[in-house]
Amino acid sequence: MNREQGLAELTRTRIVAIVRGVKAEHAVPLAEALYNGGITVMEVTLNTPGALPMISELQAVWGDRMYIGAGTVLDLEDAQRAAAAGAAFLVTPNTDEDVIRWAAAEGLPIFPGAFTPTEIVKAWKAGATAVKVFPSASVGIAYIKELMGPLDHIPLMAVGGVTEANIRQFLDIGCYGLGIGGSLVQLKEVEAGNFAAITDKAARLLAAITA
């Protein structure tokens, strides 16, 4: 899936599934479960053991139907290794302007993490595709809504604390997208091979968006 197709999928679904701590043998069936539930954008965090070969395998099997990127990209070396493995986009927990500028120059969408207005503006000016407000679970919707007053020209993503009950609220205040990890990619269900539960959860999140 190319850049334009991938960003169109993110615009359509608004959800990035965050895959962290999943075993390599579960990556492909997990991708299938998310896809069957309607979620077509996923990031594999680089602090997941075997993340890089996992990204390569996912691209080989699901890359024509899903937008697959790398998360927890901490520095330029991480970014370059992720891109070499086939990551179609990058997500960081921090604001590293060198990483952002490199990704922008490479034409690789990047969603850097930032928390303060200063960090958000710096990330945007460096070339971010959208800025991930992180951590957002502890401060909630009210903080992001306040940020959008003076920073309404910058697309913001919320990561953390997004549930079926409040997902619509995040979108209603203007969030560009939402990163959802453990509440969607439930490791106990993955370990048990209960991928139907992941599909069901994905479908219910998307249903809550359009409700």
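Heads up: the structure comes first, above all this text.
Residues numbered from 1 in each chain as written. Predicted model: local features only at pLDDT ≥ 70, side-chain atom pairs only at ≥ 80, totals over all residues. Heavy atoms only, no water.

K.L.:
Please clarify how the packing of aromatic side chains should be interpreted in this entry.
P.N.:
Each pair of aromatic rings is reported with the distance of its centres and the angle of its planes. For the structure on display, the rule yields five aromatic pairs. Each ring, one from Phe89 and one from Phe111, has its centre 5.9 Å from the other, and the planes form 80°; the classification is edge-to-face. Of this pair, Phe89 sits in the loop between helix H4 (76–85) and strand E4 (90–91) while Phe111 sits in strand E5 (residues 110–111), placing them 22 residues apart in sequence. Ring geometry for Phe115 versus Tyr143: centroids 5.0 Å apart, planes at 20°, classification stacked. Residue Phe115 is located in the loop between strand E6 (113–114) and helix H6 (117–126), and its partner Tyr143 is located in helix H7 (residues 140–147); the two are separated by 28 residues in the primary sequence. For Phe115, a relative accessible area of 27% puts it in the partly exposed group. An aromatic cluster of three or more residues is present, and its members are Tyr67, Phe89, Phe111 and Tyr176. (Phe/Tyr/Trp six-rings, centres within 6.5 Å; stacked < 30°, edge-to-face > 60°. Helix = DSSP H or I, 4+ residues; strand = E, 2+ residues; numbered from the N terminus. Buried < 20%, exposed > 50% of the residue type's maximum accessible area, 1.4 Å probe, protein only.)

K.L.:
Looking at this structure, how should I read the environment of Val91?
P.N.:
Along the polypeptide, Val91 turns up in strand E4. Separated by 40 residues in the primary sequence, Val91 and Val131 have C-alpha atoms spaced 9.3 Å apart. Among residues more than four places away in sequence, those in contact with Val91 are Glu43, Ala70, Gly71, Thr72, Val73, Phe111 and Lys132. (Contact = heavy atoms within 4.5 Å.)

K.L.:
Looking at this model, I keep getting lost on the side chain of Thr48. Mind explaining?
P.N.:
Looking at the element boundaries, Thr48 is found in the loop between strand E2 (41–45) and helix H3 (51–62). Once residues lying within four places of it in the same chain are set aside, the contact partners of Thr48 are Val19, Arg20, Gly21, Val22 and Met54.

K.L.:
What should I look at first to understand the packing of helix H2 (residues 24–36) against H3 in this one?
P.N.:
Remark: H2 packs on H3, axes separated minimally by 10 Å, with the N-to-C direction vectors making an angle of 45°. The orientation of H2 relative to H3 falls into the category oblique. In this structure, the crossing between H2 and H3 has a hand that is right-handed. Residues Ala24, Ala27, Val28, Ala31, Glu32 and Tyr35 of H2 form the contact with H3, whose participating residues are Met54, Glu57, Leu58, Val61 and Trp62. (Axes fitted to C-alpha atoms, helices over the stretch in contact; angles between N-to-C directions. Parallel < 35°, antiparallel > 145°, perpendicular 65-115°, else oblique. Left-handed = near helix turned anticlockwise from the far one by under 90°.)

K.L.:
What's the story with unusual backbone geometry in this structure? I'm lost.
P.N.:
Backbone phi values are negative for most residues with the exception of glycine, while trans is the configuration of most peptide bonds. In the segment running from Phe134 into Pro135, the intervening peptide bond is cis, with an omega of -5°. Structurally, Pro135 is set in the loop between strand E7 (131–133) and H7. Although it is not a glycine, Arg14 sits at a positive phi angle of roughly 70°. On the secondary structure map, Arg14 appears in the loop between helix H1 (3–13) and strand E1 (15–19).

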